Amino acid sequence: MYDFTFYNPTRVVFGRGVFPKLADELAKGGVSRVLLLYGGGSIHKTGVYEQVVGALNSHDIVFFECAGVKANPVVSKAREAVEAIKANKLDAIVAIGGGSVIDSAKGIAAGSLYDGDMWDFYARKAKVEKALPIYAVVTVSATASEMNYTSVMTNEELGHKVGLSNELLYPRCTLIDPSVQFSVSERQTMDGGIDAICHVLETYFDGAKGLEIQKEYAEGLVRSIIRLMPILRAHPDDYDARAQFAWAAVNALNGTTWAGHPTRGEFSSHAMGHTLSAKYDSIHGETLSAIMPAWMKYACREDMPTFARFAERVFGTNESSEEERALAGIECLKGFFASLGAPVALGDMGIPKADLPELAAHVTRNGPIGSLKKLEMVDVLKIFESAY
Ligand code: NZQ
Ligand code: ZN
């Protein structure tokens, strides 16, 4: 184990019917005026809006609304919310949704206490020094944004999708009711499972040696998600499967997987995926189903024993050589993603082959990426070509 500091201040309230507890949490935090931030309307269909508003009204908490946060959230929408918070002197954000809404809330929380433009944080022109408290009401599980300190935002004018991490951005409290996720579409559920698996693997394959407990923890999470996805595909209203997946997804990226690792993860496949989302608005999980197996194939020679171990422990492959086992494991993972109906080739996502050089240049615009294997533009291009 490498030395580490583990810090995660988010209180998690989990279970059926927990959303009305939001009001107690806000009152406990001394919050009386909030911005309700949400997406395109699923919260009206599922009754979550009524649950939250009823709870706020019962405690006389004043609220203003900002609706319409889209998947792959954009900074122009977040700027609108910052204006509303400043104009109405609000003291917290209630983010109702999944990664896109919660990520937006994080940027808005920092932007509301900043005199300049909130994109400055994402462009690394300013550091977050203050942020409003965030309360997350989770309606779709995938990203773990509800229990981590990262926000990923797209600047439509620049065509950049960028991550921002800061300890001030952890939600103060997160409420997760898996039963409201019965209505999440099959496609979104499967994409969420793929995303959570890739979160674990981005850290698992960072080249660290030893770390037995961390490797077993990661393998257990991946095995569990692989077990749960077909159940959720067949039975979207299986409470126990929704609940297990909701907690697995949180643990896949709330800091527990990288404690004791020398890095906070590889995240090259994510960087490549964000470039596709910025340019084509591609769904996050589907960028990963196409790219991560191709990255694994490209990088596995840097740490064959770990790739072979992954294949054995997760898919039970037993080819005689380490290399054959490693490559078989990558094929199994790709096959699993395909079995969920996700694209495993960039061509199937409608991405023009002629764009690949430009995309590779964009991924490496600030220099090489990656930790297990340093990737220059030419490496990224080879990965895109093999993923095509
Ligand atoms: O907008 P509405 O109508 O609410 O519909 C949403 C949206 O279309 C729908 N949905 C949510 N709850 C539902 C529901 N539909 C039916 N029933 C419900 N109960 O789900 C759709 C997708 O929502 P979104 O929030 O975009 O999904 P996800 O949670 O996968 O978030 C993806 C975003 O998070 C970023 C991604 O890049 C992407 O922008 N990520 C954030 C990370 C983080 N903060 O640590 C890490 C990840 O790697 C990722 O980059
Ligand atoms: Zn992700």
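In what follows, the accompanying structure is described.

Looking now at the site of ligand 1. Around ligand 1, a shell composed of 31 residues is seen, among which G40, S100, D103, K161 and H199 lie nearest. Contact between ligand 1 and Q188: an oxygen atom at 3.3 Å from a side-chain N or O atom of the residue. In isolation ligand 1 offers 960 Å² of accessible surface; the protein chains occlude 85% of this area. Listed by contribution, the elements that provide at least two residues to the shell around ligand 1 are α5 (99-111), β6 (150-155), α7 (186-204) and α10 (268-280). Grouping the constituent residues of the shell around ligand 1 by class yields eight nonpolar, 20 polar and three charged.

Strands sit in the order β1-β8-β5-β4-β2-β3 across an open sheet of six strands; the sheet is parallel. Single-partner strands in this sheet number two, and they are β1 (11-14) and β3 (62-66). Neighbour-to-neighbour, the strand axes of this sheet turn through a mean angle of 20 degrees, independent of strand direction. Of the strand pairs in this sheet, strand β2 (residues 33-38) and strand β4 (residues 92-97) are connected by five bridges, and their pairing is parallel. Paired with L36 across the bridge in β4 is V94. Contacts between helix α3 (residues 48-58) and the sheet are confined to β2, β3, β4 and β5 (134-138), with β2 contributing the most and set at about 180 degrees to the helix. Set on the sheet, helix α9 (residues 239-252) makes contact with β1 and β8 (173-176); between it and β1 the angle comes to about 170 degrees.

Secondary-structure assignment places V31 in the loop between α1 (22-28) and β2. With a relative accessible area of 6%, V31 lands in the buried category. As a C-alpha pair, V31 and H284 span 253 residues in sequence and 33 Å in three-dimensional space. For V31, the residues in contact, after removing those within four places along its chain, are L26, I61, D91, A92, Y135 and R172.

Where α10 meets helix α11 (residues 284-299), the closest approach of the two axes is 9 Å, and the angle between their N-to-C directions is 135 degrees. With respect to their mutual orientation, α10 and α11 come out oblique. Here α10 runs over α11; the crossing is right-handed. Every residue of α11 that contacts α10 at S268, S269, H270, M272, G273, H274, L276 and S277 is listed here: H284, T287, L288, I291, M292 and W295. Across the contact of α10 with α11, the residue classes break down as six nonpolar, eight polar and no charged.

Rules used throughout
Per chain, residues are indexed from 1 in the order of the written sequence. Note on labels: chains are lettered from A, ligands numbered from 1, in written order. Local features in this predicted model are restricted to residues of pLDDT 70 or higher, and side-chain atom pairs are both shown and tallied only at a pLDDT of 80 or more, whereas totals for entire chains, interfaces and linings draw on every residue. To get the side-chain values, take all heavy atoms of the structure and skip hydrogens and water. Neighbouring residues are identified by heavy atoms, a residue being near a molecule or strand if any of them is within 4 Å of it. Polar contacts, as used here, are pairs of N or O atoms within 3.5 Å; protein pairs need one atom able to donate a hydrogen and one able to accept it. Residues neighboring in sequence count only if both atoms are side-chain atoms. All accessible-area figures derive from a Shrake-Rupley calculation using a 1.4 Å probe, and residue coverage is judged against the displayed protein chains alone. Counting from the N terminus, the helices are the DSSP runs of H or I reaching at least four residues and the strands are the DSSP runs of E reaching at least two. When residues are sorted by character, Ala, Val, Leu, Ile, Met, Phe, Trp, Tyr, Cys and Pro go into the nonpolar class, Asp, Glu, Lys and Arg into the charged class, and all the rest, Gly among them, into the polar class. Pairing between strands is defined by DSSP: at least two bridges between them are needed. Helix axes are fitted only over the stretch in contact, all axes being lines through C-alpha atoms; the angle between N-to-C directions runs from 0 to 180 degrees. Residue contacts follow a heavy-atom distance rule, with two residues in contact if any of their heavy atoms lie within 4.5 Å. Using a 1.4 Å probe on the protein chains alone, a residue whose accessible area is under 20% of its type maximum counts as buried, one over 50% counts as exposed, and one in between counts as partly exposed. Angular relationships are summarised with four words: roughly parallel below 35 degrees, roughly antiparallel beyond 145, roughly perpendicular across 65 to 115, and oblique for the angles in between. Two helices crossing with the near one rotated counterclockwise from the far one by less than a right angle form a left-handed crossing, whereas a clockwise rotation gives a right-handed crossing.

None of this, on its own, says anything about what the molecule does.
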